[in-house]
Amino acid sequence: MWRISLCSVRHYWALFAGTFVALALGVALIGVSASALAATWAVPTSPGAGSPSVTLKDGTGAVHTLTSGDLDLGGVQSVLAMAGVVSAFVTVFVITGTCAFGIALRRRDMGLLRLVGAGGPQVRRMVLGESLAVAVPAALVGCAAAAAAAPETTRALNGTGLAPVDLRPGPLLWPLVFAAGCGLFMAVLGTLAASKRAARARPTEALREADLDARTMTVGRGVMGAVSLLTGGVMLAVAPGAGAEAATPLALFGTMALAVAATLLGPVYLPPLLRLMALPLRWVDPVAGRLAAESARTSRRRTASLVGPVLAILAIVGAFTTVLSTTGAATQADDRARTVAQLVVEPAHGDTLSADEVVALRADPKVAAVSAPAALEVAVAGPDSVWKEQAAVADPATLARTHRITVAEGSLGPLRPGTVAVSREFADWYGRHTGSTVTYGLFGGRTVKARVVAVLDGGSAVPSLLLPPGSRGAGAAPAPSRADVLLGGRAAGSVRAVAAELTARVGADRVRVVPSRQWLGRTATDQDRLNRLVLGVLTVPASLYALIAVAGTLVMSYSRRGREIAGMRMLGVGVGQVRRMALWETLSTSVLGVLIAAGVVALGARAYRGALTVFGGQAPLSVEWGMLTALTAACVLVGVVVSLAATGRLLRQANVTMVTSRQ
């Protein structure tokens, strides 16, 4: 059967070209992501000897030593890992769809094999052989592309600022082996279901004239579609009450599950929807519009295969961009709603404010309160681990004057030695409530067992731990990076004038005083820029890959429509009508894929938005309309160009010989 597999691949090269390109690009994307991850793992995260450290015991008695100043590469590693997950998901999605579509287009061939005596297991081995015949060279080509692109990708990643240090290209052997293994595994995985379908082909299939109108919904496809629909529905139903951190994976993977269900169940509901969409075309363009509608109705699997790539990429990109941008928008809205202070004071030079500058601010008669938390990194001991946590030396009562902070447990008041206040998120996540004991260590300093006296809900204004005055590790006492100033009396009505006075009082060469709204707007702009960089890393490669997959699926579809178009020409359908039929069909399937993806993303965004909290209101919904509009337009443009080009080629070949001898 191996020889038959090779002959089949050579003869139906147009069918397998899409699978080859999709798999090669998928392997390349996974290889580039894996090589970039390997480059981050090669960076030494420990600063070495001489750095302050702390030793703590966890709840089991195990001893852990942590060092201050370790590089935090978790952010860029998470982004790269997620980019690899997105690439793998899209690759599996496309490969599975193209394999199933290719088998559906060749059911008559499978019937002929069964007619001449081939058994079901032999047909299945032939299909798996075809998969390996395409997958092995595709994996090699993908690895070669990844090896060429990996160094440039690493250098480009350094330019984004996502990594705290410049990365150097690392060894490529194991990342490429991993990518090739993933490619072969995905090819076999995508072919298994299709091979079962091919093995069940009956000899009577050789007598069929229509390739795609029989048994479009198999039991396995229906069961998988129902399971995906149920899984996605449960995830999105649970997400609003799961909290912001848990809601993120629930919303993302729930949306993906719904996208999978929408694609698997496509042969059931897509043709009726397309017929409804084509009703206006029957009046505007009676012949071409009717042909497009009937083509969608009779060729259900082809319709589902054309809608699938558009639906998949828009749902994935839409889910990731909406979740990330909505998270940023909710954080910004919460910061604005909680900030009472009218001014923010930053150092003009350096990274921190001095104690004299803070004292000078508090001495001004127009100033009612100044909160200046001094950030401090600590190590916290848990039941079975020790981890780093962000803390700050601050007075909770003063912080509550410059920000709207809710006391969830305990009471506000000065922190005494041996006491701490914790954020609500820390209390919920680690179970540390009022009266509990928190064991933490100061790097280069002592280990402290402190009692929790307050649990504060203040968003990003409240760090995980608020420590009492005098807390310090090795070196100088921690200093604040900024101060929030609350103005009193009439001064609150002349914010800019007071800002200028404070600048002159403390010294323009020492501090920079700006209105809080201006500072928050600048911070939001910087965060939006970082979010767009992350979105670009996550979605741009997968989007380009999906566009190529859309083109490959169309090429596969039109490679088997020669008799159909030739028959139309013999019945008197004009060249322009055939072209318009292809245009309406492509536009209809693309627009329907966009609408279904929009519905799926809307469900995921609504569920995720319900899990976010903003002080005094509802979390805003943020959508990257520019990116999604550009991707939608690209999908439609690629579909139209490829379908019209393929139709033109078939029109040039349409003649009586094609009808009688081809296929």
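The structure we're discussing is the one just above.
Here the structure is a predicted model, which means the values were calculated and not measured.

Turning our eyes to something else, we now look at the overall build of the chain. Within the chain one finds 20 helices and 13 strands. When burial is assessed residue by residue, the chain has 49% of its 663 residues classed as buried. In the chain, of all internal contacts separated by at least 6 residues, the share reaching a separation of at least 24 is 82%. When the accessible surface of the chain is split by element, carbon and sulfur atoms take 63% of a total near 29,100 Å².

Looking now at the packing of aromatic side chains. One pass over the full model with this rule turns up 2 aromatic pairs. Between Trp-387 and Tyr-430, the ring centres sit 4.4 Å apart and the planes meet at 15 degrees, which makes this aromatic pair stacked. One end of the pair, Trp-387, is in strand S6 (residues 386-393); the other, Tyr-430, is in helix H14 (residues 424-430), and 43 residues separate them in sequence. The exposure class of Trp-387 is buried, given its relative accessible area of 16%. Of the residues examined, Tyr-430 reaches a relative accessible area of 30% and is grouped as partly exposed. Grouped by ring-pair contacts, the aromatic residues Trp-387, Phe-426 and Tyr-430 constitute a single cluster.

Here the focus is a nonpolar patch on the surface. A cluster of nonpolar side chains, namely Leu-132, Val-136, Leu-140, Leu-184, Phe-185, Val-188, Leu-189 and Leu-192, defines an oily patch on the protein surface of about 650 Å² accessible area. Mapped by element, the contributors of at least two residues to the nonpolar patch are helix H5 (120-160) and helix H6 (173-199). Position of Phe-185 among the secondary structure elements: in helix H6. Looking at Phe-185, the relative accessible area reads 55%, which means it is exposed.

With that settled, consider the packing of helix H12 (residues 355-363) against helix H15 (residues 495-506). Relative orientation of the contacting elements H12 and H15 amounts to 135 degrees, with a least axis distance of 10 Å. When the axes of H12 and H15 are compared, the pair comes out oblique. In the packing of H12 onto H15, the handedness of the crossing is right-handed. Residues Glu-357, Ala-360, Leu-361 and Ala-363 of H12 lie in contact with H15, whose contacting residues are Leu-502, Arg-505 and Val-506. For the contact of H12 with H15, the residue count by class is 5 nonpolar, no polar and 2 charged.

The biggest cluster of nonpolar side chains holds 70 residues, and the ones touching the most others in it are Val-90, Ile-313, Leu-314 and Ile-596. It is helix H11 (residues 300-338) that contributes the most residues to this core, 14 residues altogether. Apart from residues lying up to four places away in sequence, Ile-596 is in contact with Ala-262, Tyr-269, Leu-270 and Leu-311. If you look at the next biggest cluster of nonpolar residues, it comprises 20 residues, including Trp-387, Ala-391, Val-420 and Val-455.

The subject of this paragraph is the side chain of Thr-322. Tracing the backbone through its elements, the reader meets Thr-322 in helix H11. For Thr-322, a relative accessible area of 3% corresponds to the buried category. Beyond its immediate chain neighbours, meaning those up to four positions away, Thr-322 contacts Val-601, Ala-605, Leu-621, Ser-622 and Val-623.

This paragraph deals with the pairing of strand S1 (residues 53-57). Residue alternation in S1 divides its side chains into a buried set, Val-54 and Leu-56, and an unburied set, Ser-53, Thr-55 and Lys-57. Pairing of S1 with strand S2 (residues 63-67), which is carried by 5 bridges, proceeds in the antiparallel orientation. Bridge pairing in S2 places Ser-53 opposite Thr-67. Linking S1 to S2, which pair antiparallel, is a turn of 5 residues; within it Gly-61 sits at a positive phi near 95 degrees.

Cut-offs and rules
- Residues numbered from 1 in each chain as written.
- Predicted model: local features only at pLDDT ≥ 70, side-chain atom pairs only at ≥ 80, totals over all residues.
- Heavy atoms only, no water.
- Helix = DSSP H or I, 4+ residues; strand = E, 2+ residues; numbered from the N terminus.
- Buried < 20%, exposed > 50% of the residue type's maximum accessible area, 1.4 Å probe, protein only.
- Contact = heavy atoms within 4.5 Å.
- Areas by Shrake-Rupley, 256 points an atom, 1.4 Å probe, with all protein chains shown as cover.
- Phe/Tyr/Trp six-rings, centres within 6.5 Å; stacked < 30°, edge-to-face > 60°.
- Patch = residues over 30% accessible without salt bridge, like charges linked within 9 Å, V, L, I, M, F, W, Y side chains within 5 Å.
- Salt bridge = Lys/Arg side-chain N within 4 Å of Asp/Glu carboxyl O.
- Axes fitted to C-alpha atoms, helices over the stretch in contact; angles between N-to-C directions.
- Parallel < 35°, antiparallel > 145°, perpendicular 65-115°, else oblique.
- Left-handed = near helix turned anticlockwise from the far one by under 90°.
- Nonpolar A, V, L, I, M, F, W, Y, C, P; charged D, E, K, R; others polar.
- Core = buried A, V, L, I, M, F, W, Y, C linked by side-chain atoms within 4.5 Å.
- Pairing = 2+ DSSP bridges.

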